[in-house]
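Coordinate analysis (summary)
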Amino acid sequence: MTIMHTSSLRTGSPTSTAGNLIIPTDQPTPSCYLQVILWLGTIWLALLSASSVAGNQPSHRPPNIVWIVAENFKLDFGCYGAQNVHTPNIDSLAADGLKYTRVFSTSPVCAPSRSSFMTGMYQTTIDVHNMRSHRDDDFQLPPGVKPITHWLQEAGYLTANIKTIGSKIVGTGKLDLNFVNEGPIYQTDDWSQLKSHQPFFAQINTPEAEYDIYDRKSAEKTRVPWVGEEWHPQVATAANVTVPPYYPDHPMVREEWARYLNSASGLDVRVGWILDRLKQDGVWNDTVVFFFGDNGRLEARGIHWCYDTGLHVPMIIRWPDNYPTPRQVQRGTTNGQVVSLLDLTATTLTIAGIAKPPLMQSRNILGNDSDPPRTYAFSARDRIDETVNRIRSVRGHRYHYLRNDMPNMSFVSLNRYKEKCFLVKPLMRQMLADGMLAGPAADLMADQLPQEQLFDTQLDPHEIHNLADSTDPNLQRILLQMKTALDTWIIETGDLGQRLEPAEVVAPFEKEMHNWFGTPDWYE
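Focus: the overall build of the protein chain
In terms of regular secondary structure, the protein chain is built from 12 helices and 14 strands. Counting over 524 residues, the protein chain shows a buried share of 59%. When contacts within the protein chain are restricted to residue pairs at least 6 apart in sequence, those whose partners lie at least 24 apart make up 75%. When the accessible surface of the protein chain is totalled, it reaches about 20,500 Å², and 52% of it is carbon and sulfur.

Here we look at the pattern of salt bridges
Inspection of the entire model under this criterion finds 34 salt bridges. A salt bridge links Asp-96 to Arg-318; its shortest N-O distance comes to 2.8 Å. A residue pair is termed long-range when its members are at least 10 positions apart, and Asp-96 in the loop between helix H2 (88–95) and strand S2 (98–104) and Arg-318 in strand S8 (residues 312–318) qualify at 222 residues. Judged by relative accessible area, Arg-318 falls into the buried class, the value being 2%. For Glu-299, the salt bridge goes to Arg-297, with nearest N and O atoms at 2.7 Å. Exposure class is identical for Glu-299 and Arg-297. Each is buried.

Some words on helix H3 (residues 110–117)
In terms of burial, H3 is a largely internal element, 8 of the 8 residues being buried. Within H3, burial applies to Cys-110, Ala-111, Pro-112, Ser-113, Arg-114, Ser-115, Ser-116 and Phe-117. Those residues of H3 that are buried are in contact with strand S1 (64–70), strand S6 (200–205), strand S7 (287–293) and helix H7 (343–351).

Describing helix H9 (residues 424–433)
Taken as a whole, H9 has its buried residues at Val-424, Lys-425, Leu-427, Met-428, Arg-429 and Met-431. On the buried face of H9, the contacting elements are helix H5 (251–280), helix H8 (416–421) and helix H10 (439–444). Following H9 by one or two positions, Gly-435 has its phi on the positive side, about 70 degrees.

Focus: unusual backbone geometry
Between Gln-198 and Pro-199 the backbone carries a cis peptide bond, its omega angle lying at 0 degrees. Along the chain, the position of Pro-199 falls in the loop between strand S5 (168–169) and S6. A cis amide bond links Glu-208 to the next residue, Ala-209, at an omega of 0 degrees. By secondary structure assignment, the location of Ala-209 is in the loop between S6 and H5. Even without being glycine, Asn-84 reaches a positive phi, approximately 60 degrees. Structurally, Asn-84 is set in the loop between S1 and H2. For Asp-176, which is not glycine, the phi torsion reads 50 degrees and is therefore positive. By the secondary structure assignment, Asp-176 is in the loop between S5 and S6.

With respect to the packing of H2 against H5
Put simply, H2 and H5 touch, their axes get as near as 7 Å, and they point 55 degrees apart. Put simply, H2 runs oblique to H5. Between H2 and H5, the residues in contact are Pro-88, Asn-89, Ile-90 and Leu-93 and Leu-267, Asp-268, Val-271, Gly-272 and Leu-275, respectively.

Digging into the environment of Leu-177
Assignment of secondary structure puts Leu-177 in the loop between S5 and S6. The class of Leu-177 is buried, set by a relative accessible area of 5%. A C-alpha to C-alpha distance of 7.2 Å links Leu-177 and Arg-132, two positions 45 residues apart in sequence. Setting aside residues no more than four positions away along its own chain, Leu-177 makes contact with Arg-114, Ser-115, Met-118, Arg-135 and Ile-185.

Describing the confidence of the model for the protein chain
On average, the protein chain scores 91 in pLDDT, and the residues at 70 or more come to 89%. Taking the mean pLDDT of every element in the protein chain, the minimum, 46, falls on helix H1 (residues 31–47) and the maximum, 99, on strand S13 (residues 399–404). Low pLDDT, under 50, characterises residues 1–38; the predicted model gives this stretch 72 contacts beyond four residues in sequence or across chains. Under a pLDDT of 50 for its full length, residues 54–58 has, in the predicted model, 10 contacts with residues more than four places off or in other chains.

Focus: the sheet that holds strand S14 (residues 452–456)
Strands in a sheet are paired, the pairing made by backbone hydrogen bonds, and the direction either parallel or antiparallel. Overall, antiparallel pairing links the 4 strands, which are arranged S11-S12-S13-S14 in an open sheet. Here the strands that pair on one side only, and so sit at the sheet edges, are strand S11 (377–381) and S14. Geometrically, the sheet is characterised by an average inter-axis angle of 15 degrees between neighbouring strands, direction not taken into account. Bridge count between S13 and S14: 5 bridges; the pairing is antiparallel. The residue bridging Tyr-401 from the neighbouring strand is Leu-454, located in S14. Against the sheet, helix H11 (residues 473–492) engages S11, strand S12 (391–395), S13 and S14, with an angle of about 55 degrees to S13.

Overview of the packing of aromatic side chains
In the structure shown here, the tally under the stated rule is 22 aromatic pairs. Taking 5.8 Å as the distance between ring centres and 75 degrees as the angle between the ring planes, the aromatic pair formed by Trp-67 and Phe-117 counts as edge-to-face. Of this pair, Trp-67 sits in strand S1 while Phe-117 sits in helix H3; the two residues are 50 residues apart in sequence, bridging distant segments of the chain. With a relative accessible area of 0%, Trp-67 lands in the buried category. Over the ring of Trp-151 we find Lys-146, and its NZ or CZ is 4.0 Å from the ring centre.

The rules behind each value
Residues numbered from 1 in each chain as written. Predicted model: local features only at pLDDT ≥ 70, side-chain atom pairs only at ≥ 80, totals over all residues. Heavy atoms only, no water. Helix = DSSP H or I, 4+ residues; strand = E, 2+ residues; numbered from the N terminus. Buried < 20%, exposed > 50% of the residue type's maximum accessible area, 1.4 Å probe, protein only. Contact = heavy atoms within 4.5 Å. Areas by Shrake-Rupley, 256 points an atom, 1.4 Å probe, with all protein chains shown as cover. Salt bridge = Lys/Arg side-chain N within 4 Å of Asp/Glu carboxyl O. Axes fitted to C-alpha atoms, helices over the stretch in contact; angles between N-to-C directions. Parallel < 35°, antiparallel > 145°, perpendicular 65-115°, else oblique. pLDDT = per-residue confidence, 0-100. Pairing = 2+ DSSP bridges. Phe/Tyr/Trp six-rings, centres within 6.5 Å; stacked < 30°, edge-to-face > 60°. Lys NZ or Arg CZ within 6 Å of the ring centre and 35° of its normal.

Written as structure tokens, this is what we have:
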């Protein structure tokens, strides 16, 4: 098999009710037709007077925009009802802003997800869906697609990827994008330049939550520590946490769960430093602040998997006092509509006064000219590190449909990062061998996944009861609707994950992951 590169992008009939780029699989569009579309789109962008998300553009410059990107978190903060965390800064941001409760990333792992929301395109449409792909080839984004920072720079924004504020570490400077040939993504990493170069766009990619793996010496360690665990507030303990039912209630599992929750409390400290500095610099009332997660929770059944634990992310938007407030943003309110994290891109551009590019799949969720709300959020998992898998997800307001195209690649399949860092995996292997697992934990260790899964997330928030085989007529109707929606999405968006990478592309990841994390004895 060969990879379908972005040179094979095709545009079909513009009849999509999803507002997405339509890429059928039957006939390629001539390149001249695509060039005409892009030429007309450029003229349209130049002539269109971009409207403010509030409906009344202030006479002065557009607002500053800050993205605080939390690494590997589900909704595990006080404002979302989480227990055993201390998150006063994030909670105050929610009390002063708009909190979203149904936001889902397009991928359950960082690089494809970030590549998506940094471009406003599904990663599966533009060939950036495999984890850490295109790092050493000549791949470029397709015509008409570029990083959001480039759109912002053209509109007069200074763009920054911030790691420190004074002596305080607030970010990692992480890029982790599956495109590397687009030129510099940001213009600076110096916080001190922001105040004198407004409007600015600043992205802070937080260190939490993650294992401390980037010394690339994890294979040598008995236990890989969590970033910041030596100073994180010790609010959660092994004694006071409750672990999900799909894990055994074991002391080690409790300790790891407490470390994750304490990472949330530690993250909040860094968020406080950021918010305080915005206020000290006198730009707080001129700055829109987004707080969101790049993908779901750092747990063994979280990231890498398309359950809610891997896709469901927090998002809070705080609006500045010096700008007219969009009708959707009422302080201290909650929005429960289905949102794709992809929609962050178009919404940010609209706030900046930039019209959404014609081919962009992202939707604007704010203002008088907001796009229609989504019925479903679509997500995709493809190769991650050395582990080849393909899962597709359709998430509605209540129900969640998963299609496991490789059912043999279950929770027990090998991923060396997971085996080394997530201590619950080797523990559960041993407990299974000893006959000590039962219930959902034992089910999780099955060799095969169902080809289809349907969950009622209202009655079953842990997603452990598969309803796909139910004979209930209502559930069968819901299943059919979501299956049809996925089939349509795959065709309309030109899902390139239907074609696997060749073996020679995957092979180097086997060696890299072995050297980095080691290989467990059971696999050798």
